[in-house]
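Chain by chain, the residues run as shown.
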Amino acid sequence: MKITKICCIGAGYVGGPTMAVIAQKCPHIQVTVVDLNVDRINAWNDPNTDNIPIYEPGLSEIVAAARGRNLFFSTNVEKAIDEAQVIFISVNTPTKTYGKGKGMAADLKYIELCARQIAKIAKENKIVVEKSTLPVRTAEAIKSILDNTGNGVQFQILSNPEFLAEGTAVTDLLDPDRILIGGDTTPEGEKAINALVEVYSSWVEKDKILTTNVWSSELSKLTANAFLAQRISSINAMSELCEKTGADVNEVARAIGMDSRIGSKFLKSSVGFGGSCFQKDILNLVYIAKSYGLSEVADYWEQVIIMNDHQKRRFSNKIVQTLYNTVADKKITFLGWAFKKDTNDTRESAAIYVADDLINEQAKISVYDPKVSRSKILSDLDYLATRSSTENENLVQAFDDAYAACNNAHAVAILTEWDEFKTYDWKKIYDSMQKPAFVFDGRNILNKKEMEAIGFVYQGIGS
Ligand code: NAD
Ligand code: UDX
């Protein structure tokens, strides 16, 4: 089967960039990305592509070139489903906040809604692709809904998890380590797998396109995220031991990373990992393991989250202790609010939790992030429901300029590793701050010796 029309349900951090790249690389395919969120679709259609809702280096150029040609953003979900041969489901699968599995299991209500809508509309055979990250065996549930509520047409369900990381989404999509496609081992299943392989092989070498059964594909995505996050928690665990022993975690990471069996990536000690995926996916994995009665497996992976929570708390405690055990009424400036550099995404960012701890200690928080607005910062804090929105508004200020944000501060805390922070005139910042002037570098991006030479009391992570 030759694919000429694709629809993607969900115009978020995954659906938007992924479909933009498919449209760029496959000009013969019409790609329509749909979403229920009217504001988000309007932003994707903004005449000025700098205003698209997701900041990713290189993305606005790709959207500018393909939009209106073979890339479309729309709220007309039904029409797009009806016309497409292949439907990607790329909706959010957050941690459940209610009922059974609250705080652990993935909330699949958006997935189920998509399946029911596809079943209702489809009048011809379709391939449905799980692009969202899902618990292993979700394809079974989707198939059951499609077969029992549909119009008698045939559906093939494929699992095609996305491995892009935010901040590098475009390069990850253009040059992926691998593409994973799981499907039924029946002849129809293989036909569907081959149709999707054809799409990706427009720009990805065939030997990087891996095909497996559906369950392996679903579980591989959770496994990959668990392994990546586990590396960060492992090095963060060592960072605390380094601080007690005089070892330096950067040196330890370099020394172990040069062992080719370990590898050098994902060994940067930090204030703790954030982002929409790691915590949610590990909690989901823990829940799945528990539901099969595998308590040791569940406990093993849960420790990655426990360590990460500890690392965030340890950072805020360190600030309070160093500032003579009180931060009440002190101005503490956060450089960075996003969960990593080169993204405007703040989901589960360590900054939110560190700020919340410090506000509990009655600190006044000032924030500068090149891509995050004051309203987003406040809504992130409000979401924790620790205090009223009015209190958050009174205690948190946001600035468009880093120097203004640091003016008169007792301490600066670096929460995100934005490159521009390294190029600042730190002497100028020092001169404008209260003394002693403290810098807490939650990303180890500044040079300790240079900062101390200026006069700062500087504390990084793990040394
Ligand atoms: P997101 O919240 O940015 O986007 C999801 C979009 O789906 C939202 O705009 C929402 O309005 C829309 N939506 C929800 N239900 C809908 C429905 N019934 N009909 C139409 N639209 C609907 O989420 P995201 O970050 O793009 O993540 C999507 C999935 O991809 C998740 O399962 C996530 O785990 C996975 N994933 C995310 C990343 C990442 O880096 N963000 C990477 C790999 C995989
Ligand atoms: C992650 C996975 O990397 C990606 O493959 C998957 O598809 C989605 O989830 P993402 O969350 O976008 O991607 O970013 P990632 O680069 O993994 O960073 C996650 C968090 O870990 C960030 O807060 C980052 O700052 C932190 N991190 C990463 C570290 O603290 N140290 C490191 O060495 C690497």
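Basis of the calculations
- Residues numbered from 1 in each chain as written.
- Chains lettered and ligands numbered in written order.
- Predicted model: local features only at pLDDT ≥ 70, side-chain atom pairs only at ≥ 80, totals over all residues.
- Heavy atoms only, no water.
- UniProt positions renumbered as here; feature names shortened; annotations may be inferred.
- Helix = DSSP H or I, 4+ residues; strand = E, 2+ residues; numbered from the N terminus.
- Near = heavy atom within 4 Å.
- Polar contact = N/O pair within 3.5 Å; in protein donor to acceptor, adjacent residues only side chain to side chain.
- Pairing = 2+ DSSP bridges.
- Axes fitted to C-alpha atoms, helices over the stretch in contact; angles between N-to-C directions.
- Contact = heavy atoms within 4.5 Å.

- Per an unreviewed UniProt entry, the protein chain goes by the name UDP-glucose 6-dehydrogenase and belongs to Flavobacterium flavipigmentatum.
- In UniProt, the protein chain has this text filed under Function (unreviewed entry): "Catalyzes the conversion of UDP-glucose into UDP-glucuronate, one of the precursors of teichuronic acid."

Observations concerning the UniProt feature "active site" (unreviewed entry) in the protein chain
In step 1: Sequence positions flagged by UniProt for "active site" (unreviewed entry) are, in local numbering, Cys277.
In step 2: Looking at where Cys277 falls in the secondary structure, it is placed in the loop between helix H10 (249-257) and helix H11 (278-291).

A short note on the site of ligand 2
In step 1: Near ligand 2 there are 20 residues, and of these Glu166, Lys221, Ser270, Lys340 and Arg443 occur at the shortest range.
In step 2: In this structure, Phe163 approaches ligand 2 through a main-chain N or O atom, which is 2.8 Å from an oxygen atom.
In step 3: Between ligand 2 and the protein, one listed contact pairs an oxygen atom with a side-chain N or O atom of Lys340 at 2.7 Å.
In step 4: No other element matches helix H9 (residues 214-245), which puts four residues into the shell around ligand 2.

Things to note about the sheet that holds strand E9 (residues 331-335)
In step 1: Pairing within the open sheet is parallel, and its six strands lie in the order E11-E10-E9-E12-E13-E14. Every other strand in the sheet has two partners, leaving strand E11 (396-398) and strand E14 (457-459) as the edge strands with one partner each. Between one strand axis and the next, the sheet turns through 20° on average, direction left out of account.
In step 2: In the packing of helix H12 (residues 295-322) onto the sheet, contacts are made with E9, strand E12 (411-414), strand E13 (438-441) and E14, and the angle to E13 comes to roughly 165°.
In step 3: In this fold helix H14 (residues 374-384) packs onto strand E10 (364-368) and E11, with an angle of close to 155° to the strand it touches most, E11.

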